[in-house]
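Letter by letter, the chains look like this.
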Amino acid sequence: MRRSGPGRKLDFANPDPDANGFLVYGQDVMRVALKRQELIAGIVGPGGEEEMRLERIPAARLRKEPALLSDMIRVRAFFPGRRAVLVEEAGDAVTKAIAAALAAWRPGDAQIVVTAGALTKRSSLRKAFEADRTAYAAGVYDDPPAQGEIRDRLRLAGLRDIDGHAMSALSELAHRIDPGDLWQTISKLGLYKLGDDSPTTAEDVEACAPATSEVELGDLLDVVAEARTKDIGPLVQTLQGQGVTPVSLCIGVTRHFRALHAASCDPGGPGVGIAKLRPPVFGPRRDRMQRQARRWGLGRLERALGMLTDTDLRLRSANQNAPQMALVERTLIRLSMLASARG
């Protein structure tokens, strides 16, 4: 979140009651929508829309009726409480109408909330909010939610006793999925732990996390690294059915074995090496990779990387005629057999 306006940062959950307006903009529509939803709830409360303390104006309508926003902020609601007027999908074409409403705003008027897509520094709409000393502008970027945001969502879901591994697992998940999916996962986690007073663990997070092709790839990586050869074929077929290509599968397996190799090369041992991996690995996943690195040892991991490099070159060769997924599956079986070999 970028600090904007006259050196102030917008608190979405508790927006300034004395501000005349708020601009929320960004490339990702879902992220902007989530922040807008939080901001509106902070202004009018959970029952604000039912009590008609929230009005919506499409930007297209404001272009045709420039004075509409200035009129709407003065309309009194039947129910007491703070009010808001939302202008959605705005752009520079409605800057004059919005700037006029900001200038005309007086204490007691409805607060103006404007959402927009990506806005450059030259945007007249963005400049209008940043130049107004009582308005706020906040750019929503593609950074994953910070731990503070995650903890706030956990509290909203009724989850307060979170162990360190669970928090680490949620932080890792935040780097893999969209914020909307992450908040849904936390809501699901709250229902999963309803009536359970024990601390929330990484296993609980794993049970509620969305199933993705990446999770399936992780299953295949464990099967290969732990020498469960008979399970390779069915998992390869599942991934192929999900649209995973032979090249991307080979790349994913190679990345995993490079991580194990890097951990094994660390002077402090695999445990220290796994802790240094980026992106970081947490909880049960970290323990599992540590066991895998110790099982394989440096010598066999180097042989495995050689086999994967050869397979990758064959997949990309113009003279390769064999079915590519079959070629990858054969390499995975050979790796699994290497893991089960002694010495």
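These numbers were taken from a predicted model, which means no experiment stands behind them.

1. Topic: the overall build of the protein
- Looking only at helices and strands, the protein features 15 helices and five strands.
- Here the C-alpha atoms of the protein give a radius of gyration of 27 Å, more than 25% beyond the 20 Å that 2.2 N^0.38 yields for 343 residues.
- Along the three orthogonal principal directions, the C-alpha set of the protein runs to about 80 × 55 × 35 Å.
- Contacts spanning at least 24 positions in sequence make up 75% of the contacts within the protein whose residues lie at least 6 apart.
- Just so you have it, the protein exposes about 18,000 Å², and 52% of that area is on carbon and sulfur atoms.
- The positive charge centre, built from 49 side chains, and the negative charge centre, built from 43, are 5 Å apart in the protein.

2. Describing a nonpolar patch on the surface
- The grouping of M52, F78 and F79 at the surface amounts to a nonpolar patch, some 380 Å² of accessible area in total.
- As for its placement among the helices and strands, F78 is situated in the loop between α3 (68-72) and β3 (84-90).
- The class of F78 is exposed, set by a relative accessible area of 73%.

3. Overview of the nonpolar core
- Membership of the largest hydrophobic core comes to 38 residues, with the highest contact counts inside it found for L220, L249, V253, F257, W296, L332 and L335.
- When contributions to this core are tallied by element, the ones reaching two or more residues are α10 (213-225), α11 (232-241), α12 (246-265), α14 (283-316) and α15 (324-340).
- When residues of this core are assigned to their parent elements, the largest contribution, nine residues, is made by α14.
- Look past the residues within four positions of L332 in its chain and what remains in contact with it is L220, V224, I232, V236 and V253.

4. A closer look at the layout of surface pockets
- Within this model, the second largest pocket holds a volume of roughly 940 Å³.
- Taken together, 35 residues line the second largest pocket, and the ones lying closest to its centre are F12, L34, K35, E38 and R153.
- Elements that contribute at least two residues to the lining of the second largest pocket include exactly α1 (29-44), β2 (54-58), α6 (147-156) and α8 (179-192).
- When residues of the lining of the second largest pocket are assigned to their parent elements, the largest contribution, ten residues, is made by α1.
- Within the lining of the second largest pocket, the residues separate by chemical class into 18 nonpolar, four polar and 13 charged.

5. Looking at α11
- Where α11 is concerned, the buried positions are I232, G233, L235, V236 and L239. Looking straight down α11, one finds that the buried residues subtend no more than 165° of arc, so they occupy a single side. Opposite the buried face of α11, by more than 90 degrees, sit the exposed residues Q237 and G241.
- Looking at the residues trailing α11, positive phi occurs at G243, about 95°.

6. Quick look at the sheet that holds strand β4 (residues 111-116)
- Reading across the sheet, the five strands line up as β2-β3-β4-β1-β5 and stay open at both edges, with parallel pairing between neighbours. In this open sheet, the two edge strands, each paired with only one partner strand, are β2 and β5 (135-139). With direction set aside, neighbouring strand axes in the sheet form an average angle of 15°.
- Where strand β1 (residues 21-25) lies against β5, five bridges are found, and the strand directions are parallel. Residue V24 lies in a different strand from β5, and its bridge partner there is A138.
- Docked against the sheet, helix α4 (residues 95-104) engages β1, β3 and β4, running at close to 155° with respect to β4.

7. Details of the environment of R82
- Within the secondary structure layout, R82 lies in the loop between α3 and β3.
- C-alpha of R82 to C-alpha of R255: the two residues are 173 residues apart in sequence and 53 Å apart in space.
- Those residues in contact with R82, other than ones at most four positions away along the chain, are P15, D16, P17, G42, I43, V44, R53 and Q111.
- Within the structure, R82 has its side chain in polar contact with the backbone oxygen of P15 (distance 3.4 Å).
- For R82, the side chain forms a polar contact with the side chain of Q111, separated by 2.8 Å.

8. Some points on the packing of α4 against helix α5 (residues 124-131)
- Relative to each other, α4 and α5 sit at 10°, their axes nearing to 9 Å. With respect to each other, α4 and α5 are oriented roughly parallel. Taking contact as the criterion, the partners of T95, I98, A99 and L102 in α4 are, on α5, S124, L125, A128 and F129.
- Residue classes in the contact of α4 with α5 are distributed as six nonpolar, two polar and no charged.

Calculation criteria
Residues numbered from 1 in each chain as written. Predicted model: local features only at pLDDT ≥ 70, side-chain atom pairs only at ≥ 80, totals over all residues. Heavy atoms only, no water. Helix = DSSP H or I, 4+ residues; strand = E, 2+ residues; numbered from the N terminus. Rg over C-alpha atoms; globule rule 2.2 N^0.38 Å. Contact = heavy atoms within 4.5 Å. Areas by Shrake-Rupley, 256 points an atom, 1.4 Å probe, with all protein chains shown as cover. Lys, Arg positive; Asp, Glu negative; His and termini not counted. Charge placed at Lys NZ, Arg CZ, Asp CG, Glu CD. Patch = residues over 30% accessible without salt bridge, like charges linked within 9 Å, V, L, I, M, F, W, Y side chains within 5 Å. Salt bridge = Lys/Arg side-chain N within 4 Å of Asp/Glu carboxyl O. Buried < 20%, exposed > 50% of the residue type's maximum accessible area, 1.4 Å probe, protein only. Core = buried A, V, L, I, M, F, W, Y, C linked by side-chain atoms within 4.5 Å. 1 Å grid on protein atoms, 1.4 Å probe; cavity = no way out; pocket = protein on both sides within 12 Å on 5 of 7 lines; lining within 4 Å. Points joined across faces, edges and corners; volume = space filled by probe spheres on them. Nonpolar A, V, L, I, M, F, W, Y, C, P; charged D, E, K, R; others polar. Arc of directions from axis to C-beta. Pairing = 2+ DSSP bridges. Axes fitted to C-alpha atoms, helices over the stretch in contact; angles between N-to-C directions. Polar contact = N/O pair within 3.5 Å; in protein donor to acceptor, adjacent residues only side chain to side chain. Parallel < 35°, antiparallel > 145°, perpendicular 65-115°, else oblique.

Bear in mind that shape data such as this cannot, by itself, settle questions of function.
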